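Report on the structure
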Amino acid sequence: MNRREVLAGLSGAALLGVSPQSFAAEPRLLTVSRRTLEVNGKAASVYDLTGPSGKPGVEMLLGERFQARVLNTTDSDTIIHWHGLTPPYGQDGVAMMGQDPIAPGQSFDYDFANTRAGTHWMHSHLGLQEQQMLAAPLIVRETAEPLFDTQEHVVLLHDFTFRDPQEILAELTAGGGAHAGHSMQHGMMNHSGAMDHGAMGGMMGGMLNDVVYDAYLANDRTLDDPEIVTVQKGGTIRLRIINGAAASNMWIDLGRLEGELIAVDGNAIQPFSGSLFPLAIAQRADIRLRIPADGGAFAVLFRPEGVAARAGIVLATSGAALARIEAAGDVAPPLDLSQELQYGAVAKLRDEPVNRTEMLMLTGGGADYSWGLNGKSSMHDTLFTVREGERIAVMMHNMTGMAHPMHLHGHYFKVAAIGNRAIDGAIRDVVLVPPMETVTVVFDADNPGTWAFHCHHLYHMNAGMMGAIAYTSPA
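Residues numbered from 1 in each chain as written. Predicted model: local features only at pLDDT ≥ 70, side-chain atom pairs only at ≥ 80, totals over all residues. Heavy atoms only, no water.

**Remarks on the layout of surface pockets**
Over the atoms rolls a probe the size of a water molecule, and its path tells where empty space is left. What the largest pocket holds in volume is close to 500 Å³. Lining the largest pocket are 26 residues, and of these Lys55, Pro56, Gly57, Pro137 and Val154 sit closest to its centre. For the lining of the largest pocket, the secondary structure elements donating two or more residues are strand E1 (28-39), strand E2 (42-50), strand E3 (58-61), strand E8 (135-141) and strand E9 (151-160). When grouped by side-chain class, the residues that make up the lining of the largest pocket number 12 nonpolar, 6 polar and 8 charged. (1 Å grid on protein atoms, 1.4 Å probe; cavity = no way out; pocket = protein on both sides within 12 Å on 5 of 7 lines; lining within 4 Å. Points joined across faces, edges and corners; volume = space filled by probe spheres on them. Helix = DSSP H or I, 4+ residues; strand = E, 2+ residues; numbered from the N terminus. Nonpolar A, V, L, I, M, F, W, Y, C, P; charged D, E, K, R; others polar.)

This is the structure in C-alpha cells:
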C-alpha cells in the first residue's frame, strides 16, 4: 500500500468505526487540580488536567476502549468534554446534557468504545473554566510508532489573562471592554438591513477580538522563554497543533519552512502544502515538516488575528544558534476560508442523499453582548430535531460582525459548501463561519441523544450562542 492508501484506510476506520475494543484493567485516572503558572514574571493560579503519567492529558491507541475516571480535587464543580471523540449520550462531558457536574472531591467514570483516531483535546465545558486553562491534549494514535514521521510533537495553544473571566464577561455584557466598539455595527446597516461592508472595512481590525489578553502561550510558555524542540538534520516531524484558546483564532506561521497539512480536527486530508495555515478556536492541525539537511533553528509562530502579540516554539538541531524572538510582530490579518475551499478529505461519506436542510442563523453581538442562534439566546434549547438514520445539511448564515467557530458535539460533519460554492470538503467537528458568510455542513444522524451545537468562542457561548440538536424516533 502506498502512503495515500494507508491514510485512507486509517481515516476510514476513524470515520466508520473499528473493532475490537481492548479493555483496560482499570480506568485511566485524570485529575483536575489547581497549579501555579508564571507568565511574564508574574504568578497566576490556573487549572491542571493530568493523566496517569502525571503529564497533561492522555495518549492512547485506536482500538483501545476509552475508560477514564475524572477526579475533581478542586473546590469548584467541573466537567470534562472529550472534544473530537463521539461517545454515547451521557458521556460527552457537557453539564445539563446527560450528565451532572462533578462536585469537589468527587469522581465520574467514563467507559465507551472509541472509534476516532487523531489529534483531539479535552477541556472543561462548565462556565468559563476553559479560560483558566482547564484543557489538555487527547491524542489517539493509529499505531504505536509513527507511520511516516520520525518524530511527533504536540502543541497546545492558549490565550492567557490574569483577570477573572467572570469579570471579563460581566464587563462585556455591561457594554464595556474590548467589545464596546463592536456595537457600532448596528450603525453600519444599509437600507435593506444588510451589513455595509464599505463602512465596516475601516474598522475591521476592531471586529476581531472581544478580549484583551496579557499573553499567548504555546505549551504554557511565552516567546520570552519558548519551548525548544530538538530535531534531526534532514529529519521529519509531525506537529499536532491544538487551538485551545478561549477567544482567539490564530494563524500557524512556519516562517522559513514549508510543511504539509495532512489532517484537520483529527481527520486526514489530501496533503496541502504551505507555510501559513489558519487555525480557528478549537480546531486542530497536523502538519508534517522536513528539517533542512544543514540544520538550524526554526521558529514556528502562532499569530492571533487582529493583534501583534504571538506565541511560538523553536525547532532546533543540535548545536544550532538560538536567536531571541520578539513577542510581537506584524498585526495578523483575519482568518478566512480561502484554504478551507481547497481542503479535500481522504475518507468519504457514504453515497447517500441529504434528507433535508436546516437553516441556522448566527445572530446578536450588540451593545448588550447578547449572542444567539436563530435570534434567540440560550444554552440548552433545541434548535431542531433529527431522526436516527437521516443525513442532515445545516446551512449556517453569520449575520453578525464577528467570526464564529461552530462546533457540533457527538458527530463529525463534512464541509459541503462555502457561500454558494459546493465543495467536497474536509471532515471536521469545528468550522469557522466569517462575518456575513454562509457555510453548509452535512452530518449523519448516527448517535442518538441531545447534543450541544455552539460557537466555541467561550464568551459568545456563555452569552447565548449555544443550542442543542435532539433526536426523536428512528427513521
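**Quick notes on empty space enclosed by the protein**
One pass over the structure, following the stated rule, counts 5 cavities of 30 Å³ or more. Approximately 70 Å³ is the volume attributed to the largest cavity. Taken together, Pro278, Ala280, Gln283, Leu335, Asp336, Leu337, Glu340, Tyr343, Arg428 and Leu432 make up the full set of residues lining the largest cavity. Considering only residue class, the lining of the largest cavity consists of 6 nonpolar, 1 polar and 3 charged. In terms of lining residues, the second largest cavity is bounded by 10 residues, among which Leu208, Asn249, Glu305, Met402 and Ala403 are the most central. Taken together, the residues of the lining of the second largest cavity sort by class into 7 nonpolar, 2 polar and 1 charged.

**Examining the sheet that holds strand E28 (residues 430-433)**
In space, the 5 strands of this open sheet follow the order E22-E31-E30-E24-E28, with mixed pairing throughout. Two strands lie at the open edges of the sheet, namely strand E22 (382-386) and E28, each paired on one side alone. The sheet shows a mean angle of 20° between the axes of neighbouring strands, taken without regard to direction. (Pairing = 2+ DSSP bridges. Axes fitted to C-alpha atoms, helices over the stretch in contact; angles between N-to-C directions.)

**Quick notes on the nonpolar core**
Counting residues in each nonpolar core, the largest one holds 85 residues, and the members touching the most others are Ile252, Phe302, Leu315 and Tyr459. Not counting chain neighbours up to four residues away, the residues in contact with isoleucine 252 comprise Ile241, Ser275, Leu276, Phe277, Leu279, Ala285, Ile287, Val300, Leu301 and Phe302. In this structure, Ala68, Ala95, Phe112 and Ala117 belong to the second largest nonpolar core, which totals 24 residues. (Core = buried A, V, L, I, M, F, W, Y, C linked by side-chain atoms within 4.5 Å. Buried < 20%, exposed > 50% of the residue type's maximum accessible area, 1.4 Å probe, protein only. Contact = heavy atoms within 4.5 Å.)

**Quick look at the pattern of salt bridges**
Counting across every chain of the model gives 30 salt bridges. The salt bridge involving arginine 69 is made with aspartate 109; its shortest N-O contact spans 2.6 Å. Highlighted residues: arginine 69 in strand E4 (residues 66-72) and aspartate 109 in strand E6 (residues 107-112), separated in sequence by 40 residues. A relative accessible area of 40% means that aspartate 109 is categorised as partly exposed. (Salt bridge = Lys/Arg side-chain N within 4 Å of Asp/Glu carboxyl O.)

**Quick look at the pairing of strand E12 (residues 236-243)**
Most of E12 is tucked away, with 8 of its 8 residues classed as buried. Covered by surrounding structure in E12 are Thr236, Arg238, Arg240 and Ile242 together with Ile237, Leu239, Ile241 and Asn243, the residues of both alternating faces. With 7 bridges connecting them, E9 and E12 associate as parallel partners. For valine 155, the partnering residue across the bridge sits in E12 and is isoleucine 241. Pairing analysis gives 7 bridges linking E12 to strand E17 (residues 284-290), with the strands arranged antiparallel. Looking across to E17, one finds that arginine 240 is bridged to aspartate 286.

**With respect to the confidence of the model for the protein**
Interpretation of the predicted coordinates at a detailed level should be avoided for regions scoring low in pLDDT. Taken over all residues, the pLDDT of the protein has a mean of 90, while the share at 70 or more is 88%. Predicted confidence for residues 1-19 stays below pLDDT 50, and this span has 35 contacts to residues more than four positions away or in other chains. In this model residues 184-206 is a low-confidence stretch, pLDDT under 50, and it forms 29 contacts with partners more than four residues away in sequence or in other chains. (pLDDT = per-residue confidence, 0-100.)

**Quick word on the sheet that holds strand E14 (residues 259-264)**
The sheet built from 6 strands is open, its strands ordered E10-E9-E12-E17-E14-E15 with mixed pairing. The open sheet terminates on both sides in strands that have one partner only, identified here as strand E10 (215-218) and strand E15 (267-274). Direction aside, neighbouring strands of the sheet carry axes that sit 25° apart on average. Where E14 meets E17, 5 bridges bridge the pair, whose relative direction is antiparallel. The residue of E17 that forms the bridge with alanine 263 is aspartate 286.

**What about the side chain of histidine 179?**
Note that histidine 179 resides in the loop between helix H2 (165-173) and helix H3 (197-201). Polar contacts involving the side chain of histidine 179 include one to the main-chain carbonyl oxygen of glycine 366, which spans 3.3 Å. (Polar contact = N/O pair within 3.5 Å; in protein donor to acceptor, adjacent residues only side chain to side chain.)

**With respect to unusual backbone geometry**
Of note in this structure, asparagine 219 is not a glycine but carries a positive phi near 50°. In this structure, methionine 436 takes a positive phi of about 60° despite not being glycine. Here methionine 436 is to be found in the loop between E28 and strand E29 (438-444).

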